[in-house]
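If you want the building blocks of each chain, they are given just below.
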Amino acid sequence: MTEKNWPLWEVFIRSRTGLAHRHVGSVHAVDAEMALQNARDVYTRRGEGLSLWVVPSSAIVASDPADKDLMFEPTASKIYRHPTFYDVPDEVGHM
Amino acid sequence: MYTQALNIKDMAAAAEDSAFDARFQSRVDAEEKIEPNDWMPDAYRRTLVRQIAQHAHSEIVGMLPEGNWITRAPSLKRKAALLAKVQDEGGHGAYLYAAAETLGVSREDLVEQLLDGKQKYSSIFNYPTLSWADIGIIGWLVDGAAIMNQIPLCRCSYGPYARAMIRICKEESFHQRQGYEIMVTLCRDGTPEQKAMAQDALNRWWWPVLMMFGPSDKDSQHTDKSMRWKIKRFTNDDLRQKFIDATVPQGQYLGLTFPDPAMKHNDRTGHWEHGEIDWSEFKRVVAGDGPCNRQRMKQRRDANENGAWVREAALAFAQKRRARAEAAARIAAE
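Residues numbered from 1 in each chain as written. Chains lettered and ligands numbered in written order. Predicted model: local features only at pLDDT ≥ 70, side-chain atom pairs only at ≥ 80, totals over all residues. Heavy atoms only, no water.

Novice: I tried to follow the overall build of chain A on my own but got confused; where do I start?
Specialist: In terms of regular secondary structure, chain A is built from two helices and three strands. A buried classification covers 25% of the 95 residues belonging to chain A. In the structure as shown, chain A presents an accessible area of about 6,900 Å², 57% of it carried by carbon and sulfur atoms. For chain A, the centre of its 10 positive side-chain charges and the centre of its 13 negative side-chain charges are spaced 7 Å apart. (Helix = DSSP H or I, 4+ residues; strand = E, 2+ residues; numbered from the N terminus. Buried < 20%, exposed > 50% of the residue type's maximum accessible area, 1.4 Å probe, protein only. Areas by Shrake-Rupley, 256 points an atom, 1.4 Å probe, with all protein chains shown as cover. Lys, Arg positive; Asp, Glu negative; His and termini not counted. Charge placed at Lys NZ, Arg CZ, Asp CG, Glu CD.)

In structure tokens, the structure reads:
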């Protein structure tokens, strides 16, 4: 029997008001509604969340770790983007 | 998980590149986490798939011996707790299959390999649950041993596995405590018959539980590499010793006797020493000849086969609904 696999969904939970949704894992489901139900059963059995997102795994586009330097290294030399790069006279106090 | 295609890119070519290998090992040595799309040696990936899959299978097969007692739990409270526990085990299996899938395998393939006998599950689940005390013992000892094994895995070098283990360990703590509470009830508050039932359960489970930690260090084939890759943090014998040291006082509180006449406290080392483990029994059970191997595999096979039509129907239904929604949207647009 050739059986087709159920699609994969990534699960994100907002654990408290004011926090962003955070990735927790994945579930298999035939559609969005079932993905939400499965995510609830698998990832929130003990009040872990106030809100759930499910996203088809195939819809996520990720940066390639091999391009890590190309992507993120240029910012390392731009120290003038940080507040501590600038001197404020002691007399002025905290700014 | 996501973008699994990246995992496969140039793997054969990269495997030959020892520079990649050295960089990988230095990241592991620096306690950096390895993530799904990072380069990793092929053998590291295979080891993880084998270990995580075996772990996931164990959670799922582990539902069977306990599920056996759900309808016969002695009170509503015990029944609710046991149901929640068995549901947790199913959840743990789901987290772990999800972690394994980040390595570029599918859950369906892993399940198939279990059913074909190509992958294993923990030998402990091949023993029967003959009395209610066995449910106490499983929580107290089997889950206790699992926690001992699993806490170091929370620091495993592979990110998705480590994160799954953190969730699992939190939940296992409930499992162990509910098991020990059953034991306390039987042993300290129970009738002599109930205490005898608890002792009988300990007699049957103690040695198989010690075998859960795997072969002795001198016979373990996977330890060296797994330690270097920081998949494993302690050797089998170290973990077994930690478990025994933690467990003996708990058994003494219950007033139970461990079925090991050679067991004694070494005042110099502070450790409890145990007698010789019967490794021939371990090998027999792992090879498929334990008391319940055939029954467990049959139950898993039946569940998979009997559920096939549900999985197919759910997919067909979702496709039909999607087609209808698309048709309705088309008509509305016209």
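Novice: What is the right way to read the packing of helix α9 (residues 159–187) of chain B against helix α10 (residues 192–211) of chain B from this model?
Specialist: The description of two helices packed together rests on the angle between their axes and the distance between the axes. Residues and elements named next belong to chain B. Relative orientation of the contacting elements α9 and α10 amounts to 135°, with a least axis distance of 7 Å. Compared by their axis directions, α9 and α10 come out oblique. For the pair formed by α9 and α10, the contact residues are Met183, Leu186 and Cys187 on the first element and Gln194, Lys195, Met197 and Ala198 on the second. (Axes fitted to C-alpha atoms, helices over the stretch in contact; angles between N-to-C directions. Parallel < 35°, antiparallel > 145°, perpendicular 65-115°, else oblique. Contact = heavy atoms within 4.5 Å.)

Novice: What is the right way to read the interface of chain A and chain B from this model?
Specialist: For interface size, the figure often reported is the accessible area lost on association. At the interface, 26 residues of chain A touch 31 residues of chain B. For the pair chain A and chain B, the summed buried surface comes to about 2,500 Å²; carbon and sulfur atoms form 53% of the total. Our count for the contact surface shared by chain A and chain B stands at seven salt bridges. For Glu171 of chain B, the salt bridge goes to Arg46 of chain A, with nearest N and O atoms at 3.4 Å. Where chain A packs against chain B, one counts 12 residue pairs in polar contact (both at pLDDT 80 or more). Elements with a contribution of two residues or more to the side of chain A that touches chain B: β1 (8–14), β2 (22–28) and α1 (32–43) of chain A. Of the residues belonging to the side of chain A that touches chain B, the class tally is 12 nonpolar, five polar and nine charged. (Buried area = accessible area lost by both parts, 1.4 Å probe. Salt bridge = Lys/Arg side-chain N within 4 Å of Asp/Glu carboxyl O. Polar contact = N/O pair within 3.5 Å; in protein donor to acceptor, adjacent residues only side chain to side chain. Nonpolar A, V, L, I, M, F, W, Y, C, P; charged D, E, K, R; others polar.)

Novice: Would you take a moment to explain the nonpolar core for this structure?
Specialist: Looking at soluble globular proteins, one finds that nonpolar side chains tend to be buried together. Judged by nonpolar contacts, the single largest core of 51 residues is most densely connected at Trp140, Trp205, Trp206, Val209 and Phe243 of chain B. The next biggest cluster of nonpolar side chains, apart from the first, holds 49 residues, and it includes Phe24, Val28, Tyr95 and Ile231 of chain B. (Core = buried A, V, L, I, M, F, W, Y, C linked by side-chain atoms within 4.5 Å.)

Novice: Please clarify how the pattern of salt bridges should be interpreted in this entry.
Specialist: Pairing is possible between side chains that carry opposite charge, provided their charged atoms lie close to one another. Per the counting criterion, the structure on display carries 25 salt bridges over all chains. Of the charged contacts in the structure, one is a salt bridge between Asp31 of chain A and Arg321 of chain B, with a shortest N-O distance of 3.3 Å. Of this pair, Asp31 of chain A sits in the loop between β2 and α1 while Arg321 of chain B is found in helix α15 (residues 308–333), placing the two residues in two different chains. Look at Arg321 of chain B and you get partly exposed, because its relative accessible area is 37%. The salt bridge involving Asp41 of chain A is made with Arg40 of chain A; its shortest N-O contact spans 2.7 Å.

Novice: How do you make sense of the packing of aromatic side chains when you look at a structure like this?
Specialist: Two numbers describe a pair of aromatic rings. These are the distance of the centres and the angle of the planes. Following the criterion strictly, the structure yields 15 aromatic pairs over all chains and no others. Ring centres 5.4 Å apart and planes at 25° place the aromatic pair Tyr43 of chain A and Tyr95 of chain B in the stacked group. Of this pair, Tyr43 of chain A sits in helix α1 while Tyr95 of chain B sits in helix α6 (residues 76–101), placing the two residues on different chains. Exposure remark for Tyr95 of chain B: the relative accessible area of 3% places this residue in the buried category. By the ring-pair criterion, three or more aromatic residues cluster together here, those being Phe20, Phe24, Trp39, Tyr44 and Trp229 of chain B. (Phe/Tyr/Trp six-rings, centres within 6.5 Å; stacked < 30°, edge-to-face > 60°.)

Novice: Whenever I open this one, the packing of helix α8 (residues 132–150) of chain B against α10 of chain B confuses me. Can you help?
Specialist: All names here are of chain B. Close contact between α8 and α10 brings their axes to 9 Å; oriented N to C, the two are set at 35°. The two elements α8 and α10 meet at a crossing, and its hand is right-handed. Contacts between α8 and α10 involve Trp132, Ala133, Asp134, Ile137, Ile138, Trp140, Leu141, Val142 and Ala145 on the former and, on the latter, Met197, Ala198, Ala201, Leu202, Arg204, Trp205, Trp206 and Val209. Residue composition of the contact of α8 with α10, grouped by class: 15 nonpolar, no polar and two charged. (Left-handed = near helix turned anticlockwise from the far one by under 90°.)

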